[in-house]
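Chain by chain, the residues run as shown.
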Amino acid sequence: MQRIGLGRDLHRLAPGRRFLLAGVEIPCEKGEIGHSDADALAHAVIDAMLGAAGMGDVGEFFPDADPAYRDAGSMLLLKKAFERVKSGGWRIVNLDCVATCETPKILPYREKIRAALAQALEADIGAVMVKGKTNEGIDAIGQGNAVEVLAVCLLERV
Ligand SMILES: [Zn+2]
């Protein structure tokens, strides 16, 4: 049996924060704001994976109100969520993601990001794809004030 899941996340960007995608820091004037490290890609992937497994979402697993997750490394949360999915009898078939922001450029960091996700999810790097897009100057994303990530994840019963 195979199941597909969709995840989406958005974080505002502000000076003095790190810009992180799947734990990979990309040099940029602004970074993501939010609870935990605000890693939008890690959060979208968690939601896609938990959605496919029918196991809820990132907010249920790691509540904002829980001080244990303040400034938590989101890749650690991703690994925890994957462990739960794995113990439910699932493996990742493939994962595909789109990160939309005006800056920074994602492409130079893409292989590093793919490798980080593949390692965390015990998947082949060929099964993990990440694309960077801009929003053509339109809305808060286009004005450089936010980053949005979409992710789809296909799981297969082991
Ligand atoms: Zn988030």
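In what follows, the accompanying structure is described.

Calculation notes
- Residues numbered from 1 in each chain as written.
- Predicted model: local features only at pLDDT ≥ 70, side-chain atom pairs only at ≥ 80, totals over all residues.
- Heavy atoms only, no water.
- Helix = DSSP H or I, 4+ residues; strand = E, 2+ residues; numbered from the N terminus.
- Buried < 20%, exposed > 50% of the residue type's maximum accessible area, 1.4 Å probe, protein only.
- Arc of directions from axis to C-beta.
- Contact = heavy atoms within 4.5 Å.
- Pairing = 2+ DSSP bridges.
- Axes fitted to C-alpha atoms, helices over the stretch in contact; angles between N-to-C directions.
- Salt bridge = Lys/Arg side-chain N within 4 Å of Asp/Glu carboxyl O.

1. Thoughts on unusual backbone geometry
Backbone geometry follows two general trends: most residues other than glycine have a negative phi, and most peptide bonds adopt the trans configuration. Going from T103 to P104, the amide bond is cis rather than trans, its omega being -5 degrees. Within the secondary structure layout, P104 lies in the loop between strand 5 (90-100) and helix 4 (110-120). A positive phi is found at A22, a non-glycine position, where the angle reads about 55 degrees. Of note, A22 is situated in the loop between strand 2 (20-21) and strand 3 (24-25). The backbone of E136 shows a phi angle near 55 degrees, a positive value even though the residue is not glycine. Topologically, E136 is positioned in the loop between strand 6 (128-133) and helix 5 (139-142).

2. Here we look at helix 4
If you check which residues of helix 4 are buried, you get I113, R114, L117, A118 and A120. Take helix 4 and look down its axis: the buried residues cluster within an arc of 165 degrees, on one side only. Away from the buried face of helix 4 by more than 90 degrees, exposed residues K112 and Q119 are located. Against the buried residues of helix 4 lie strand 2, strand 3, helix 1 (40-53), helix 3 (74-87), strand 5 and strand 6. Looking one or two residues past helix 4, E122 carries a phi angle of roughly 50 degrees, positive in sign.

3. Structural notes on the sheet that holds strand 4 (residues 30-32)
Ordered in space as 4-1-7-5-6, the five strands form an open sheet in which the pairing is mixed. This sheet does not close on itself; its edge strands, each paired only once, are strand 4 and strand 6. Here the average twist between neighbouring strands, direction ignored, is 20 degrees. Strand direction decides the pairing type here: strand 1 (residues 2-15) and strand 4, joined by three bridges, are antiparallel. By the bridge assignment, L13 is partnered in strand 4 with E32. Running over the sheet, helix 1 touches strand 1, strand 4, strand 5, strand 6 and strand 7 (146-157) and is turned about 160 degrees from strand 1.

4. Quick look at the pattern of salt bridges
For the structure shown, the criterion picks out seven salt bridges. Here E156 ties to R91 by a salt bridge, and the two come within 2.9 Å at their closest N and O atoms. Of this pair, E156 sits in strand 7 while R91 sits in strand 5, and the two are 65 residues apart along the sequence. Look at E156 and you get partly exposed, because its relative accessible area is 24%. By relative accessible area, which is 41% here, R91 ends up partly exposed. With its nearest N and O atoms 2.8 Å apart, the salt bridge here joins D96 to K131. Taken together, the residues D96 in strand 5 and K131 in strand 6 connect sequence positions 35 residues apart. The exposure class assigned to D96 is partly exposed, which follows from its relative accessible area of 26%. For K131, a relative accessible area of 29% gives the class partly exposed. It is possible to trace a salt-bridge network through shared partners that takes in R110, E111 and R114.

5. Observations concerning the pairing of strand 1
Pairing of strand 1 with strand 7, which is carried by 11 bridges, proceeds in the antiparallel orientation. Bridge pairing in strand 7 links G5 to C153.

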